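Given next are the chains, with one letter for each unit.
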Amino acid sequence: MTRDPVAIVQSAVDLQHVRAELAPILAEIRKGEVLLERGARILMDRRYQAGVLLASARKQFPKSGPRAAGWGEFCEALEISRDTATRYIEIAEQVAAQPELAERQSWMELYREL
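Quantities reported herein were computed from a predicted structural model and do not represent experimental measurements.

A volume near 170 Å³ is recorded for the largest pocket. Lining the largest pocket, in full, are Ala 55, Arg 58, Lys 59, Phe 61, Lys 63, Trp 71, Thr 86, Ile 89, Glu 90 and Glu 93. Among the elements of the structure, helix 1 (15-58) and helix 3 (82-97) are those that each provide at least two residues to the lining of the largest pocket. Element by element, the count of residues in the lining of the largest pocket is highest for helix 3, at four residues. Residue classes in the lining of the largest pocket are distributed as four nonpolar, one polar and five charged.

See the structure below:
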């Protein structure tokens, strides 16, 4: 039996070292997951609040006629699209009608349900 003259030698891995290196990395990942969850909740709350305010502002503009363009201009001044404003308003209206919707984990989860 002949051996291949080129043998691949794998260096030993120090598992203690790997564990020690991984511990703070995994801790940061866990912290990041908590922050993301909190951040998603904050975003949901802020989108709801924005929707409530936008709904009250929307009532100031007619749906049609010469002054109807004012709504688009208002949204543009806020640097949001009319579609985004409408989504926020829809969220606020749905959550007001069904408060349990506010407990959804994410904006997308809630929006899918609507």
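Here we take up the packing of helix 2 (residues 69-78) against helix 3. In contact at an axis separation of 9 Å, helix 2 and helix 3 are set at 90° when each is read in the N-to-C sense. Relative to helix 3, helix 2 is oriented roughly perpendicular. Counting all contacts with helix 2, which are made through Trp 71, Gly 72 and Cys 75, the residues of helix 3 involved are Arg 82, Ala 85 and Ile 89. Residues of the contact of helix 2 with helix 3, tallied by class, amount to four nonpolar, one polar and one charged.

Inspection of every chain in the model, using the stated rule, returns two salt bridges. Residues Glu 28 and Lys 31 are paired through a salt bridge, measuring 3.8 Å at the closest nitrogen-oxygen approach. Separated by three residues within a single helix, Glu 28 and Lys 31 lie in helix 1, roughly one turn from each other. Close ionic contact of Arg 41 with Asp 45 constitutes a salt bridge, the shortest N to O distance being 3.4 Å. Here the residue Arg 41 and the residue Asp 45 both occupy positions in helix 1, the gap between them amounting to four residues, near one helical turn. Under the relative-accessibility criterion, Arg 41 is labelled partly exposed at 29%. Asp 45 gets classed as partly exposed once you look at its relative accessible area, which sits at 29%.

About the cut-offs
- Residues numbered from 1 in each chain as written.
- Predicted model: local features only at pLDDT ≥ 70, side-chain atom pairs only at ≥ 80, totals over all residues.
- Heavy atoms only, no water.
- 1 Å grid on protein atoms, 1.4 Å probe; cavity = no way out; pocket = protein on both sides within 12 Å on 5 of 7 lines; lining within 4 Å.
- Points joined across faces, edges and corners; volume = space filled by probe spheres on them.
- Helix = DSSP H or I, 4+ residues; strand = E, 2+ residues; numbered from the N terminus.
- Nonpolar A, V, L, I, M, F, W, Y, C, P; charged D, E, K, R; others polar.
- Axes fitted to C-alpha atoms, helices over the stretch in contact; angles between N-to-C directions.
- Parallel < 35°, antiparallel > 145°, perpendicular 65-115°, else oblique.
- Contact = heavy atoms within 4.5 Å.
- Salt bridge = Lys/Arg side-chain N within 4 Å of Asp/Glu carboxyl O.
- Buried < 20%, exposed > 50% of the residue type's maximum accessible area, 1.4 Å probe, protein only.

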